Amino acid sequence: MTTARSTEETGGSSISRGGTPAKNPKDPKDPKESVGRRDCCNVDIRIDSARDVHIYNCSCAAPGGGGPAAPPESQPCYPPVGACLPVVPGAKHKLDRDYKLARLAERVRVPSALAAGTVHLMRRFLLGKPAANPLEAAAFATLGQMPRDFLSCAVAAFDTVPPRQRQRLFASSLDLDPDQPLDEATLTAALAEEIKQRIGIQVFDDPKAAEEERPGRIRIYEPQGEDFFSQVRICAINDLRTANFYPPLNPGDYLPDEFQHDCELKIVDGEPQVVCQVRTTDCPGHTLSGGVCARVLDVAQGDGVVLQGVNYFSVDAKVRFSNPQTGETVREVEAHVWGDVDTPVTEVVNGQTVLINDCRVQDRLTFQVPNDLSPGRYSIQVVLPNITGIDVFGAELVSNVEFINVIPAPTSRFQVVIEAISARKETSPEWLGSDEVGLRTMAFPMDLMFQPIEPMQEQAFKDLRGVEFDTGTTRDITRVVFQHDQPILAMVMAVLGHEIDSQRAYDQEITDWTEYFWDLIKEQAAYIGAAIVALGGGGALAKLGKLGAIAALIAAGITIGVDAIIALWAPADPIIFDTIGLSITDLAWLTSADAPPPGSSSFTTEDDIVVNVNTSIPPVKRPLEYVEVREYVSDDQDSRYELRYRYSRVA
């Protein structure tokens, strides 16, 4: 094999490297002289990538005994390069292992405990170490069903990963000596650390922020005369901008989700649908310019809330709940503060130095709505001790008033179904053949103590085996991927899809061995509950953010663990990558006839897959049901796939 680096920086160049052999000057028609040449052909190489190009050279004995002979123990013409399985001849190219791991390491900000634990278990199994505990016994039973040379290849691949990449992808706390068993306490501690860091990044954009607090900078001036400017300000609640966002926004600048709506059932195309319009009278909270009502968020008792704003300059900040009619204080709760120390305190405008005290500042504060707080509408304010040295403020500084609606946690039962998969654009190059998609989901509910409810719910979509996906192909795959039969706080779901080669025996190996690795991940993921307990339980986590968002980051930990392991051994490229975490309140909102469907949104996953929600096809809201389309865009594969999800309230 020869490895070369493409110099074609702009895709689409064709390079001719072959040619018709020169005629034999002795006798161009003499078959003996042309043996080994008469079957030669032109070779045109089209390079559409600026990455490494692998050229596989193989030879075979020419007919009649002439020409180069194959080595007595020659390898096939498609040796395993960057994978533990050979690349199928004639199939679409696969991304090199080094490239996939490097790209993943660029985006992953928290190393995976599940991936690191899997590697350690494989290493101990291959060395013949005895299972030292139930965790290892279950893992070794799974590993015993896989070929040893395959496992050896995966471990060897891990050992060749550059140290910096390895530290970014695999939790270093589980890079243990082979003689040290992987026990429940060690795995639980590693999972707890990963969850804690993921919360820090998701909510505060810093892995340390979940266990530390940091005051923001003081951006306060001494008011002169009548001054009604809110120097302590709430700019956003759970990432939805408030009426007090500053500089002020025009009504057209707000997102649909930031307005209060009135909804009703109407018959549309012969079926009932939820139709909503923006409320303009009797606003439950603030009124925006133009007479439009700002949204008042429903927040369940015990759930977390994230505020973004300005001048959260003390870690002793509190959030005050008041009666919106009388102004009487009902409750004050502790807050977790992570201040913005990056945005400058001042700037020069028209030659004058002025404070930066608008919503460009990203001070963040989280708190938990008390479990015993009576349902109803409350005004909320951020309250800080006066450490500014400006006596005119008195003992404390108080922010502007915002509103939330506290509700009991819903007790309904919900179900999530994936109805269809569509290839809006198959992977490139299309002329090399069709795609074959390996799709898998793993989901579980979180109970009222925010503990995973087992068994975990898996779907492998085995009916997709052998299905050829070309641009425009749609396949009905209706399958329940999540359900529950008891009260819960949230749902966690991980979704992974890979493009694999179209050769049945080969696909069988990839699919079957992937299932074994999923089993290993699942056996370790069972300790997520213990990790949450180690972090103080669901109540402690709710003080750091929304339970739905925390559920999503738990799902992200699972998908990254699986994807890092698959990248070590399988020539299968990610085309679908998603993490869905929804609180029970989110599920109730999505399926409520009194709420509009969410607006469109986009985000990029750690595996560099762009997820577009409701951007290509509008969502559909029916009584007790919500349908959305999530599009998955891979730049590496030049592909666009869609999955259609249906969320239903079933009881």
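Before any of the text, the structure's been laid out above.
To start, this report covers the structure provided alongside it. (Residues numbered from 1 in each chain as written. Predicted model: local features only at pLDDT ≥ 70, side-chain atom pairs only at ≥ 80, totals over all residues. Heavy atoms only, no water.)

### A look at the nonpolar core
Of all hydrophobic cores here, the largest spans 119 residues; its most connected members are Phe 450, Ile 554, Leu 643 and Tyr 645. Per-element tally for this core: the top contributor is helix H11 (residues 547–569), with 15 residues. Beyond its immediate chain neighbours, meaning those up to four positions away, Ile 554 contacts Phe 444, Met 446, Phe 450, Val 492, Ile 528 and Ile 532. Formed by 29 residues, the second largest nonpolar core is a distinct cluster that contains Ile 234, Leu 297, Val 369 and Val 382. (Core = buried A, V, L, I, M, F, W, Y, C linked by side-chain atoms within 4.5 Å. Buried < 20%, exposed > 50% of the residue type's maximum accessible area, 1.4 Å probe, protein only. Helix = DSSP H or I, 4+ residues; strand = E, 2+ residues; numbered from the N terminus. Contact = heavy atoms within 4.5 Å.)

### Observations regarding the sheet that holds strand E22 (residues 457–459)
Reading across the sheet, the 4 strands line up as E22-E21-E24-E25 and stay open at both edges, with antiparallel pairing between neighbours. Each edge of the open sheet is held by one strand with a lone partner, namely E22 and strand E25 (573–583). Strand-to-strand twist of the sheet, defined as the mean angle between neighbouring strand axes without regard to direction, takes the value 10°. Relative to E25, H11 is tilted by about 155°, and along the sheet it contacts strand E21 (436–446), strand E24 (490–500) and E25. (Pairing = 2+ DSSP bridges. Axes fitted to C-alpha atoms, helices over the stretch in contact; angles between N-to-C directions.)

### A short note on the environment of Gln 381
In this structure, Gln 381 sits in strand E17 (residues 376–385). Exposure remark for Gln 381: the relative accessible area of 16% places this residue in the buried category. Through-space distance from the C-alpha of Gln 381 to that of Ser 399 is 5.4 Å; in sequence the pair is 18 residues apart. Residues contacting Gln 381, with those up to four places away along its chain left out, are Ile 234, Lys 318, Val 319, Arg 320, Val 398, Ser 399, Asn 400 and Val 401. A distance of 3.0 Å separates a polar atom in the side chain of Gln 381 from the backbone oxygen of Ser 399. (Polar contact = N/O pair within 3.5 Å; in protein donor to acceptor, adjacent residues only side chain to side chain.)

### Here we look at the side chain of Gln 368
The topology assignment puts Gln 368 in strand E16 (residues 363–368). There is a polar contact of 2.9 Å between the side chain of Gln 368 and the backbone oxygen of Gly 302. Beyond its immediate chain neighbours, meaning those up to four positions away, Gln 368 contacts Gly 302, Asp 303, Gly 304, Val 333, Gly 539, Ala 542 and Lys 543.

### Overview of the side chain of Ser 592
Its place among the elements puts Ser 592 in the loop between helix H12 (584–590) and strand E26 (601–604). Owing to a relative accessible area of 15%, Ser 592 belongs among the buried residues under this scheme. A polar contact is formed between the side chain of Ser 592 and the backbone nitrogen of Asp 594, at a distance of 3.0 Å. Not counting residues within four places of it along the chain, the set of residues in contact with Ser 592 comprises Lys 621 and Arg 649.

### Digging into the environment of Glu 184
By the secondary structure assignment, Glu 184 is in helix H7 (residues 184–204). As a C-alpha pair, Glu 184 and Ala 530 span 346 residues in sequence and 9.0 Å in three-dimensional space. The residues contacting Glu 184, other than those within four sequence positions of it, are Asn 133, Pro 134, Leu 135 and Tyr 527.

### Let's talk about the packing of helix H3 (residues 113–126) against helix H5 (residues 148–160)
Axis separation between H3 and H5 bottoms out at 10 Å; the angle between their running directions is 130°. Between H3 and H5, the angle is such that the two are oblique. Relative to H5, H3 is oriented so that their crossing is left-handed. Residue-level contacts link Val 119, Met 122, Arg 123, Phe 125 and Leu 126 of H3 to Arg 148, Leu 151, Ser 152, Ala 154, Val 155, Phe 158 and Asp 159 of H5. (Parallel < 35°, antiparallel > 145°, perpendicular 65-115°, else oblique. Left-handed = near helix turned anticlockwise from the far one by under 90°.)

### Thoughts on empty space enclosed by the protein
According to the stated counting rule, one finds 4 cavities of 30 Å³ or more in the structure shown. Its boundaries defined by the atoms lining it, the second largest cavity holds a volume of some 190 Å³. Lining the second largest cavity are 18 residues, and of these Leu 95, Lys 100, Pro 574, Asp 607 and Asp 636 lie nearest its centre. Mapped by element, the contributors of at least two residues to the lining of the second largest cavity are helix H2 (97–107) and H11. Taken together, the residues of the lining of the second largest cavity break down into 7 nonpolar, 3 polar and 8 charged. (1 Å grid on protein atoms, 1.4 Å probe; cavity = no way out; pocket = protein on both sides within 12 Å on 5 of 7 lines; lining within 4 Å. Points joined across faces, edges and corners; volume = space filled by probe spheres on them. Nonpolar A, V, L, I, M, F, W, Y, C, P; charged D, E, K, R; others polar.)

### A short note on the packing of aromatic side chains
Using the criterion set out here, one finds 9 aromatic pairs in the structure. Here the aromatic rings of Phe 150 and Phe 517 are separated by 6.0 Å at their centres, their planes lie at 55°, and the arrangement is tilted. Highlighted residues: Phe 150 in helix H5 and Phe 517 in helix H8 (residues 504–525), separated in sequence by 367 residues. Of the residues examined, Phe 517 reaches a relative accessible area of 3% and is grouped as buried. Consider the rings of Phe 229 and Tyr 246, whose centres lie 5.2 Å apart with planes at 80°: the pair is edge-to-face. Of this pair, Phe 229 sits in the loop between H7 and strand E5 (233–237) while Tyr 246 sits in the loop between strand E6 (240–241) and strand E7 (261–268), placing them 17 residues apart in sequence. These aromatic residues form a ring-pair network of at least three members: Phe 321, Phe 367 and Tyr 378. The ring of Phe 229 carries Arg 233 above its face, with NZ or CZ at 4.7 Å from the centroid. One residue, Arg 630, lies across the ring of Tyr 645, its end atom 5.9 Å from the ring centre. (Phe/Tyr/Trp six-rings, centres within 6.5 Å; stacked < 30°, edge-to-face > 60°. Lys NZ or Arg CZ within 6 Å of the ring centre and 35° of its normal.)

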